[in-house]
Amino acid sequence: MKKFIAALVCFIALTVTALPVDAQTRSRRSNSATAQQRYDDRYRYERDRSVWDKHRNKITTAGGAAGGAILGGMMGGKKGAIIGAIAGGGGAALYTYKIRKKDDWRR
């Protein structure tokens, strides 16, 4: 009886987790003019990007490292500045590459 209940619970859990997959639908229609316009807009943007748009991740990481170095230097001198730069750069890189949302194609 215990095996039957365990199997039933596992089956229900599997069924519940599979339900959201079934709900995902997308339209298969594609208008070639709309797709070409989207491509042209993106190409135009890639060509006309500013320095911030081109190097956003590097600037953000470098800013975090600089801020950490300044705070570490005020607290612990030269050794504190080195530790602060490593910690600040690591934290900024973590934010830049893992936490920040990247759903916009312009970033």
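Residues numbered from 1 in each chain as written. Predicted model: local features only at pLDDT ≥ 70, side-chain atom pairs only at ≥ 80, totals over all residues. Heavy atoms only, no water.

Draft legend 1. Summary view of the overall build of the protein chain. The secondary structure content of the protein chain amounts to four helices and zero strands. Tracing the protein chain from N to C terminus, the helices and strands come up as α-α-α-α. By residue count, 11% of the 107 residues in the protein chain fall in the buried class. Once local pairs closer than 6 in sequence are excluded, the contacts in the protein chain between residues at least 24 apart make up 51%. (Helix = DSSP H or I, 4+ residues; strand = E, 2+ residues; numbered from the N terminus. Buried < 20%, exposed > 50% of the residue type's maximum accessible area, 1.4 Å probe, protein only. Contact = heavy atoms within 4.5 Å.)

Draft legend 2. A look at the environment of A87. Within the secondary structure, A87 is located in helix α4 (residues 56-99). A relative accessible area of 51% places A87 in the exposed class. Sequence-wise, A87 and G67 are 20 residues apart; in three dimensions their C-alpha atoms are separated by 9.8 Å.

Draft legend 3. The arrangement of α4 in detail. Between its first and last C-alpha atoms α4 spans 15 Å; for 44 residues at 1.5 Å apiece the expected length is 64 Å, and the helix comes up short by more than 12%. Within α4, the full set of buried residues consists of R56, T61, G68, G72, G80, G84, G88, G89, A92 and T96. Check the buried side of α4 and you find it contacts α3 (51-54). (Expected span 1.5 Å × (residues − 1).)

Draft legend 4. Main features of a nonpolar patch on the surface. Where nonpolar side chains cluster on the molecular surface, the patch consists of M1, F4, I5, L8, V9, F11 and I12 and spans about 780 Å² of accessible area. Tracing the backbone shows V9 in helix α1 (residues 2-23). According to the relative accessible area criterion, V9 is exposed, its value standing at 53%. (Patch = residues over 30% accessible without salt bridge, like charges linked within 9 Å, V, L, I, M, F, W, Y side chains within 5 Å. Areas by Shrake-Rupley, 256 points an atom, 1.4 Å probe, with all protein chains shown as cover. Salt bridge = Lys/Arg side-chain N within 4 Å of Asp/Glu carboxyl O.)

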